[in-house]
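Commentary on secondary and tertiary structure
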Amino acid sequence: MVDYVVNKGKNVAIKEAYKDLDLFFTAHPITGDVATKSDSDAVRRAVRNIVLTNYYERPFKPSLGGNVRGLLFELDTDRQVRRARKQMAKAIMTFEPRVENVRCTFRVEDNSLDVTVYYSIKNGLNNQEIQFTVNRTR
Amino acid sequence: MAVNSSQINITDLDFDNITDNLKNYLKGQEIFRDYNFEGSSLAVLVDLLAYASHIGAINTNIAASELFLDSAQIRKNVVSRAKDLGFTPSSEKASTAIATMTLKNCRSADGTIPTLTDMIMPRGTTFRTTYEGSNYEFATAATYTPTSDSTTFTYAGIDLVQGTFAQDQFVFDNQISNSKFVLSNARVDKTRMTVNVNSGGITSTYSLSTDISTINTTSKVYYTQENEVGFTELYFGDGTLGVGLLDGDIITVEYIIVDDLHADGANKFTQISAVNGFTDSSIITTTAATGGAEKESIESIKFKATKFYTSQNRLVTLNDYKAKVQEYYPNADAVAVWGGEDNDPPQYGKVFIALKPNNADYLSDTEKTMVKNNLKKLNMLTVRPEIIDADIVKILISTTIKYNPTLTTLTAGELATLTKSTINQFDTDFLNGFDAIFRHSNLTKVIDAADSSILSNTTNIRLRKKLKPTLSANPLGYTLSLGNALYNPHSGHNDMAGGITVTSGFKVGGDSVNTHYFDDDGKGNLRRYYLSGSTRIYKDNAAGVVDYSTGLVTINAIILTSTVNTDTSIDFTVIPSGNDIVAERGNLIDISSDDIKVTAEVDTIASGESSAGVGFNTTSTSSY
């Protein structure tokens with residue numbers, strides 16, 4: 001899907017700048033090829049990948065990631081939550097140069113963590129939001 | 001720059017380089033453009049692929065390296081590669097001493113004297129020695145039957161081996177193909193291992209196979225090798241190369257566990273475990289502990305395996321002898337080999353091997369016989385190996401150092417100690433082997449550099465060599481070669497004070513009272529004298545010849561009855577002509593650590609105590 005921005009009251013299509021593989025590896029309904037993600041969807045998926053990557057998960061890049069699954073085993077204190085929020089925003093800013101104005105919110109509830117990340121795509125859509133919940137399974 | 005798929009670089013091994021190569025490759029396509037963003041899904045796949053490639057490349061590299069003896073790093077692989085060449089690395093070796101023990105006042109509780117059978121000393125009887133402040137346990141390597149004189153029992157020539165005896169038992173199971181029996185201890189002296197097999201109630205002793213050409217279907221032999229974790233494992237013949245074992249045969253292996261530290265040099269032992277309840281013993285050590293060695297190192301295996309392969313288990317060239325001697329005597333510090341035709345005088349049909357052990361000057365007679373007998377099995381029919389003691393020419397050092405006390409916090413005594421240890425280190429670094437040369441200027445340079453406060457040194461040297469005469473009732477002549485020219489600036493030099501020769505004392509036939517000595521008259525004559533107070537009473541003014549140009553001392557036939565030195569030797573100390581000393585064939589030069597004299601003097605000019613050269617003491621270059 002092509003992104004649009006409003007310019008002088010008109011919707012203007014943006015040239016497809018970003019194109020990435022879909023890590024879910026869903027097949028294209030017609031061609032049967034691996035599905036792709038483009039533009040804001042590609043960036044959204046990249047942000048999500050960074051947030052859900054734990055430290056030491058990517059080979060030879062120990063500090064890459066938001067470490068959100070690692071946080072599930074941390075103590076539930078306000079200070080911890082603040083620190084984690086900052087840490088996550090910093091990771092996104094460091095490893096995803098296509099976004100700016102990054103802000104994260106956490107909601108800790110019933111052994112789960114609701115994460116919402118707000119960001120704007122540089123030279124693209126503003127006020128994007130990605131939300132997901134992570135649960136402990138053991 | 002974008003690249004075509006055919007141009008992708010596949011030679012890099014590092015993760016980062018592989019990642020860069022893959023990204024460069026992806027620049028050549030338009031379908032996926034996010035490969036350069038770390039969060040993108042494509043970057044995840046690129047990292048994964050690079051990681052897999054990196055691990056694969058590393059594994060391939062290691063595997064390829066470990067396939068070859070030269071590049072292998074892991075011990076088990078080095079051992080395995082050496083095995084391909086037919087080379088078995090030597091195991092740890094226990095330090096061994098030979099002693100005679102006398103048990104006194106041996107009387108049973110009922111007052112009778114025990115029989116010789118009662119007094120047999122079993123294998124593993126323990127002894128203790130204290131050497132350089134630490135205690136070490138030794139044990140007898142065999143069972144010994146004593147000789148007796150009333151209540152005194154004497155055990156002559158007992159082998160005391162450092163370490164602890166252990167025993168492992170295995171049962172042979174023919175359901176298991178290619179059985180190997182791993183000993184339960186890592187530090188095993190393979191040369192002291194005994195293997196017995198009980199088959200149908202009959203016990204037989206098996207021996208270690210060393211030469212495949214002598215083995216047939218009935219040879220009772222076992223084979224050993226080092227396994228992956230460094231333990232010794234045994235296996236037996238298959239019915240063709242050695243007799244095969246039967247199901248249920250019981251294998252008993254007795255061996256000694258070698259200590260971590262070798263007590264080479266220990267010569268005072270006390271009995272720990274009683275023999276038939278008796279411990280009132282006195283022990284005389286005939287050969288101090290020697291021969292302790294670690295298992296062959298990786299570097300040593302790499303070095304020897306190729307030499308071993310070249311020699312093909314036969315002794316033909318000099319290097320064959322060198323390689324084999326080091327195999328039979330791993331504790332060798334230096335080995336020199338020369339053919340009889342190069343000997344002085346030539347002795348055709350012989351090969352001479354001079355061997356210096358690590359922690360001693362000479363091999364014991366037992367060790368010489370062991371090495372010689374082993375060599376005899378491999379050498380050519382017409383050539384006989386002769387193991388001779390390395391002729392050790394000791395260099396006696398006397399040095400006076402001048403130092404500036406304002407540049408150091410060390411005292412004169414501490415500086416002297418530091419200088420002494422520097423000289424010893426010089427000995428270790430430069431004079432530990434045959435073909436060595438003592439370079440005087442190098443030593444003085446090292447002494448000057450020992451501490452920044454040392455300004456200069458005056459270092460004088462003397463040479464000392466032992467003559468090992470035969471004490472007998474018949475007159476015998478001797479020669480002693482120092483291998484270096486001796487100091488003789490003019491004929492008759494120092495005639496009145498004994499020339500340049502000083503010897504230790506000895507007694508001669510016909511005079512059991514006076515202790516005699518040798519000196520020279522500066523004209524090439526060796527003289528024999530004894531001391532009356534401080535006056536030399538000459539008994540023979542032509543007792544021999546001193547050749548100052550070659551350093552050869554010839555002693556005319558003489559009856560020697562005893563020597564002052566306890567090892568029945570006479571020390572000859574002489575002044576060399578030059579300051580650089582060379583070692584000729586079979587000679588080792590060595591700085592005598594016990595004879596290093598260091599005097600530290602304050603340099604009065606540098607310290608400001610005097611000026612204009614007034615009050616500055618110099619040291620004579622001929623003083624000692």
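Whatever comes next refers back to the structure up there.
In what follows, the accompanying structure is described. These numbers come from a predicted model, not from an experiment.

With that out of the way, let us pick up the overall build of chain B. Summing up its helical and strand segments, chain B has eight helices and 32 strands in all. In chain B, the share of contacts with a sequence separation of at least 24, taken over all contacts with a separation of at least 6, comes to 68%. Approximately 30400 Å² of chain B is accessible, and the part contributed by carbon and sulfur atoms is 51%.

Residue and element names in this part refer to chain B. For strand β31 (residues 587-591), the tally of buried residues reaches five of five residues, placing the bulk of the element in the interior. Going residue by residue along β31, you find Asn-587, Ile-589 and Ile-591 tucked away on one face and Leu-588 and Asp-590 tucked away on the opposite face as well. Note: strand β18 (residues 391-403) against β31, five bridges, orientation parallel. What sits directly across from Ile-395, in β31, is Ile-591.

With that settled, consider the packing of aromatic side chains. Using the criterion set out here, one finds 16 aromatic pairs over all chains in the structure. Relative to Phe-236 of chain B, the ring of Phe-181 of chain B lies with its centre 6.0 Å away and its plane at 65 degrees, an arrangement referred to as edge-to-face. Of the two residues, Phe-181 of chain B sits in strand β7 (residues 181-182) while Phe-236 of chain B sits in strand β11 (residues 232-236), which places them 55 residues apart along the sequence. Given the relative accessible area of 8%, Phe-181 of chain B is considered buried. Note on Phe-236 of chain B: relative accessible area 11%, which makes it buried. Clustering of aromatic rings is evident, with ring pairs tying together Phe-170, Phe-172, Phe-181, Tyr-206 and Phe-236 of chain B. Between Arg-48 of chain A and the ring centre of Phe-132 of chain A, over which it is positioned, the NZ or CZ distance is 5.8 Å. Positioned above the aromatic ring of Phe-37 of chain B, the side-chain terminus of Arg-98 of chain A is 3.8 Å from the ring centre.

Turning our attention to a nonpolar patch on the surface. On the surface, a cluster of nonpolar side chains totalling about 280 Å² of accessible area is made up of Phe-60 of chain A together with Tyr-51 and Ile-55 of chain B. Within the secondary structure, Tyr-51 of chain B sits in helix α2 (residues 41-66). Since its relative accessible area comes to 36%, Tyr-51 of chain B is described here as partly exposed.

Judged by nonpolar contacts, the single largest core of 44 residues is most densely connected at Ile-395, Ile-397, Phe-438, Ile-555, Ile-589 and Ile-591 of chain B. Per element, the largest residue contribution to this core is five residues, and it comes from β18 of chain B. Sequence-distant contacts of Ile-555 of chain B, defined by excluding residues within four places in its chain, comprise Leu-467, Gly-477, Tyr-478, Phe-518, Leu-526, Ala-543, Gly-544 and Phe-572 of chain B. Leu-71, Leu-113, Val-117 and Phe-132 of chain A belong to the second largest nonpolar core, which has 28 residues in total.

Next up on the list: the interface of chain A and chain B. Contact with chain A, which involves 23 residues of that partner, is made by 17 residues of chain B. The contact between chain A and chain B buries some 1800 Å² in all, and 59% of this surface belongs to carbon and sulfur atoms. Counting the contacts that link chain A with chain B gives five salt bridges. For Arg-98 of chain A, the salt bridge identified is with Asp-34 of chain B, shortest N-O distance 2.9 Å. At the boundary of chain A and chain B, one finds twelve residue pairs in polar contact (both at pLDDT 80 or more).

Right, let's talk about the sheet that holds strand β6 (residues 112-121) of chain A for a bit. What holds strands together in a sheet is hydrogen bonding between their backbones, with the strands either parallel or antiparallel. Residues and elements named next belong to chain A. Spatial ordering of the open sheet is given by β5-β6-β7, a layout of three strands whose pairing is antiparallel. In the strand order of this sheet, the two ends are held by β5 (99-109) and β7 (128-135), each with one partner. Within the sheet, the average angular offset between the axes of one strand and its neighbour, ignoring direction, is 15 degrees. Strands in contact with helix α1 (residues 39-52) are β5, β6 and β7; relative to β7, the strand with the most contacts, it is inclined by about 35 degrees.

Attention now moves to the packing of helix α5 (residues 318-328) of chain B against helix α6 (residues 365-376) of chain B. Residues and elements named next belong to chain B. α6 packs onto α5 with a crossing angle of 130 degrees between their chain directions and a minimal axis gap of 10 Å. Judged by the angle between their axes, α5 and α6 are oblique. Viewed along their axes, α5 and α6 form a crossing whose handedness is right-handed. Taking contact as the criterion, the partners of Lys-324, Val-325 and Tyr-328 in α5 are, on α6, Met-370, Asn-374 and Leu-375.

What follows covers a positive patch on the surface. All names here are of chain A. Residues Arg-79, Arg-82, Arg-83, Arg-85, Lys-86 and Arg-103 make up a contiguous surface patch of positive charge. With five residues, helix α3 (residues 78-95) is the largest single contributor of residues to the positive patch. Mapped onto the secondary structure, Arg-85 falls in helix α3. Residue class for Arg-85 comes out partly exposed when judged on its relative accessible area of 32%.

Before going further, it helps to spend a moment on the side chain of Arg-527 of chain B. Residue and element names in this part refer to chain B. Structurally, Arg-527 can be placed in strand β25 (residues 525-532). Of the residues examined, Arg-527 reaches a relative accessible area of 7% and is grouped as buried. Looking at Arg-527, its side chain comes within polar contact range of the main-chain oxygen of Asp-495, at 2.8 Å. Engagement of the side chain of Arg-527 in a polar contact is seen with the backbone oxygen of Asp-520, the distance being 3.1 Å. Those residues in contact with Arg-527 that sit more than four places away from it in its chain are Asp-495, Gly-498, Tyr-517, Phe-518, Asp-519, Asp-520, Asp-521, Tyr-538, Asp-540, Asn-541 and Ala-543.

Our next topic: unusual backbone geometry. In most cases, non-glycine residues show a negative phi, while peptide bonds are predominantly trans. Not every positive phi belongs to a glycine, and Asp-39 of chain A is a case in point at roughly 50 degrees. In this fold, Asp-39 of chain A is placed in helix α1. Backbone geometry places Asn-276 of chain B, a non-glycine residue, at a positive phi of 55 degrees. Position of Asn-276 of chain B relative to the elements: it lies in the loop between β13 (269-271) and β14 (281-290).

So, about the environment of Phe-132 of chain A. Residue and element names in this part refer to chain A. Turning to its location among the elements, Phe-132 is positioned in strand β7. With a relative accessible area of 8%, Phe-132 lands in the buried category. Considered as a pair, Phe-132 and Arg-48 are 84 residues apart in the sequence and their alpha carbons are 8.8 Å apart. If sequence neighbours within four positions are ignored, Phe-132 has contacts with Arg-48, Val-51, Leu-52, Leu-113, Asp-114 and Val-115.

Residue and element names in this part refer to chain B. By the definition in use, this model includes 30 salt bridges over all chains. Its salt-bridge partner being Lys-466, residue Asp-571 comes within 3.2 Å of it at the nearest N-O pair. Taken as a pair, Asp-571 in strand β29 (residues 570-574) and Lys-466 in strand β20 (residues 454-467) lie far apart in primary sequence, 105 residues in all. Asp-571 gets classed as buried once you look at its relative accessible area, which sits at 12%.

How each quantity is defined
Residues numbered from 1 in each chain as written. Chains lettered and ligands numbered in written order. Predicted model: local features only at pLDDT ≥ 70, side-chain atom pairs only at ≥ 80, totals over all residues. Heavy atoms only, no water. Helix = DSSP H or I, 4+ residues; strand = E, 2+ residues; numbered from the N terminus. Contact = heavy atoms within 4.5 Å. Areas by Shrake-Rupley, 256 points an atom, 1.4 Å probe, with all protein chains shown as cover. Buried < 20%, exposed > 50% of the residue type's maximum accessible area, 1.4 Å probe, protein only. Pairing = 2+ DSSP bridges. Phe/Tyr/Trp six-rings, centres within 6.5 Å; stacked < 30°, edge-to-face > 60°. Lys NZ or Arg CZ within 6 Å of the ring centre and 35° of its normal. Patch = residues over 30% accessible without salt bridge, like charges linked within 9 Å, V, L, I, M, F, W, Y side chains within 5 Å. Salt bridge = Lys/Arg side-chain N within 4 Å of Asp/Glu carboxyl O. Core = buried A, V, L, I, M, F, W, Y, C linked by side-chain atoms within 4.5 Å. Buried area = accessible area lost by both parts, 1.4 Å probe. Polar contact = N/O pair within 3.5 Å; in protein donor to acceptor, adjacent residues only side chain to side chain. Axes fitted to C-alpha atoms, helices over the stretch in contact; angles between N-to-C directions. Parallel < 35°, antiparallel > 145°, perpendicular 65-115°, else oblique. Left-handed = near helix turned anticlockwise from the far one by under 90°. Lys, Arg positive; Asp, Glu negative; His and termini not counted. Charge placed at Lys NZ, Arg CZ, Asp CG, Glu CD.

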